[in-house]
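Residue-level listing of the chains:
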Amino acid sequence: MHFEFNEEQLALRDMVRKFTEKEVAPYYTKWDREKKYPKHINKKIGELGLIGMAIPPEKGGMGASHVTEGMVCEEVSRGDCSLTMSTFVVGHLDAEILAHGNDKIRKEFLEPFLAGDQIPAFAITEPGSGTDAVAMKASAVKKGAKYILNGEKAGITAMMDADFAIVFAKTDPAAGARGVSCFVVPTKYPGVELQSYEDMGVRSVARGSIFMDDVEIPADYLIGKEGTGFVMGMQGFDISRILLALEAIAPAMVSLEETVEYTKQRNAFGRPIATFEGVSFPIVEHISMLEAVRLLCYQGLWLRDQGRSSSKVAGMVKWMAPRFATNAIRDCLVLHGHPGYTNEFPFEQRLRDVLAIEIADGTSQVSKLVAQREIFGRDYLPYNYRNK
Ligand SMILES: Cc1cc2nc3c(=O)[nH]c(=O)nc-3n(C[C@H](O)[C@H](O)[C@H](O)COP(=O)(O)OP(=O)(O)OC[C@H]3O[C@@H](n4cnc5c(N)ncnc54)[C@H](O)[C@@H]3O)c2cc1C
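Residues numbered from 1 in each chain as written. Predicted model: local features only at pLDDT ≥ 70, side-chain atom pairs only at ≥ 80, totals over all residues. Heavy atoms only, no water.

This model, assessed by the stated rule, comprises 10 aromatic pairs. With a centroid separation of 6.3 Å and an interplanar angle of 85°, the aromatic rings of phenylalanine 269 and phenylalanine 276 are classed as edge-to-face. Members of the aromatic cluster, each reached through a chain of ring pairs, are Phe109, Phe164 and Tyr221. Sitting above the plane of the tryptophan 319 ring, lysine 368 keeps its charged end 4.6 Å from the centroid. (Phe/Tyr/Trp six-rings, centres within 6.5 Å; stacked < 30°, edge-to-face > 60°. Lys NZ or Arg CZ within 6 Å of the ring centre and 35° of its normal.)

Moving on to helix α11 (residues 347-356). Those residues of α11 that sit buried are Phe347, Gln349, Arg350, Arg352, Asp353 and Val354. Contacts made by the buried residues of α11 are with α2 (28-34), α7 (229-265), α9 (311-335) and α10 (337-340). (Buried < 20%, exposed > 50% of the residue type's maximum accessible area, 1.4 Å probe, protein only. Helix = DSSP H or I, 4+ residues; strand = E, 2+ residues; numbered from the N terminus. Contact = heavy atoms within 4.5 Å.)

Okay, empty space enclosed by the protein next. Within the structure shown, the criterion is met by 1 cavity of 30 Å³ or more. Considering only enclosed or pocket space, the largest cavity measures out at about 40 Å³ in volume. Along its surface, the largest cavity is lined by Tyr37, Asn42, Ile51, Ser86, Thr87, Gly91, Phe113, Gln118, Ile119 and Pro120. For the lining of the largest cavity, the leading source of residues is helix α5 (residues 83-98), giving 3 residues. (1 Å grid on protein atoms, 1.4 Å probe; cavity = no way out; pocket = protein on both sides within 12 Å on 5 of 7 lines; lining within 4 Å. Points joined across faces, edges and corners; volume = space filled by probe spheres on them.)

Another aspect to go through is the packing of α5 against α7. Look at α5 against α7: their axes get within 9 Å of each other, and the N-to-C directions meet at 160°. As summarised for this structure, α5 and α7 are arranged roughly antiparallel, according to the angle between their axes. Once α5 is placed against α7, the crossing between them reads as right-handed. Every residue of α7 that contacts α5 at Thr84, Met85, Phe88, Val89, His92, Leu93, Glu96 and Ile97 is listed here: Met232, Gly233, Gln235, Gly236, Phe237, Ile239, Ser240, Leu243, Leu244 and Glu247. (Axes fitted to C-alpha atoms, helices over the stretch in contact; angles between N-to-C directions. Parallel < 35°, antiparallel > 145°, perpendicular 65-115°, else oblique. Left-handed = near helix turned anticlockwise from the far one by under 90°.)

As C-alpha cells, this is what we get:
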C-alpha cells in the first residue's frame with residue numbers, strides 16, 4: 001500500500017501549487033466581489049494541459065490518472081474553490097461526455113475547451129426536476145439533418161460565461177432514462193436565452209438558466225447515440241463527486257492551517273490561545289476528520305484507475321466532505337474572534353462557497369442514496385420499492 005504521490009505527481013503538484021499561490025489565491029476574493037469569471041486563468045490552466053487531463057491523449061487529453069486529476073483539483077482549490085467547480089469538476093463531466101462525441105464535436109468543442117479557449121456548461125437540472133433528473137421535460141425532435149430543442153435548464157454552473165452547453169433532453173419521452181440524449185448547444189444560436197442568478201457563493205462562475213425555444217442544431221451535435229445520454233452523464237458523477245469533495249476539503253484545510261498559526265500568535269490570559277484545549281481540540285478534531293475523508297477520496301479515485309467502481313466512495317465523501325469542511329471553516333472564523341467575521345478574512349467567502357458543494361452534483365441526501373444502493377442493494381432504493 002502506498003500513501004504518497006509518485007515523483008512525477010509530486011513535481012506536478014509543486015508546479016500547480018506555485019501557479020495557484022501566484023496566479024489564483026491572491027485574486028480569490030476579488031473575483032468573487034466582481035462576480036467575474038477569470039477566463040485568462042482558465043486559459044492558462046488549459047495551456048498547462050490540466051483541463052480534462054484524464055482524457056486519453058488520442059482524444060486531446062493527458063491520459064492522466066484520476067488520482068492525479070484529484071491532486072491537481074485539490075491544489076487549485078486551495079486557492080479558489082469556485083473556479084475549480086467550473087474548470088475541474090464540471091470540466092471533468094464535460095470532458096468525459098465530449099470525448100464520446102464524433103470528430104466534428106471533438107474538433108469544434110472538445111479541443112478549444114481543453115485548450116481553455118471555450119467554456120462549456122453541463123445542463124441537466126430543470127426547474128421541475130433536479131434529484132429526479134429523469135423527470136426532465138426538455139425535448140429534442142429530429143427533423144431531417146437537424147434536431148429542434150425546447151425547454152429550460154436551471155441552476156447551471158458558469159452558464160452566463162459558457163460558449164456552449166451540453167444539454168440533456170428527451171428524444172423518447174416514453175422510455176424513461178433510456179429516452180434521454182445529449183447534445184451540444186452553442187449559446188449564440190437563435191432561440192437560446194440565458195438568465196443569471198444572484199447566488200450566495202461561487203459567484204465568479206455565475207450560475208444561470210438556459211431557455212431553448214425551437215433551437216435548431218445540426219443532427220451531428222448529438223453526442224453518442226440517441227438514448228445513451230443519461231448513462232453517459234451518470235458515469236461522470238462517480239469521479240466529479242469525489243473531485244467536489246476534494247474541492248471542499250482544500251479551503252477547509254487552508255483555513256485550519258491559518259488558524260493554527262493565528263492561535264499560536266494570539267494571546268489571552270497571558271499565553272497563546274493555542275494552549276487552551278477549547279481552542280486546539282476543535283482544530284485537531286476537524287483535521288482528523290478531513291484527513292480521513294481526504295484519504296477516502298484518493299482511494300475512490302485509485303479504485304477507478306484500477307477499473308473498479310468508485311460509486312460507494314463517491315456517495316460517502318460527497319456528503320461528508322462539504323459538511324465537515326463547513327463545520328471546520330465556521331470554527332476557524334470564530335477562533336479568529338471579531339476580525340474573523342469581517343470580509344478582510346476569507347472565511348465568510350469560503351463558508352459561502354463550500355456550502356454550495358452540499359447541493360451541486362446531487363445533494364447530501366442523494367449522495368447517501370448512492371452509498372445506500374451500494375451497501376443495501378438496488379432492491380432497497382426508495383423509488384424501486386415504491387414501484388413494486
Ligand atoms: C452551486 C450549484 C451548482 C450547480 N451546478 C449545476 C450544473 O452545472 N448543472 C446542472 O445541471 N445542475 C447544477 N446544479 C443543480 C443541482 O444539481 C441540483 O440543485 C441538485 O441536483 C438538487 O436538485 P433540486 O435543486 O431540484 O432539488 P430537489 O430535487 O427538488 O430536492 C429538494 C430537496 O429534497 C431532497 N430529496 C429529493 N429526493 C430525495 C430522496 N429520494 N431522499 C431524500 N431526500 C431527497 C433533496 O436532497 C433536497 O434537499 C447546481 C446547484 C448548485 C447549488
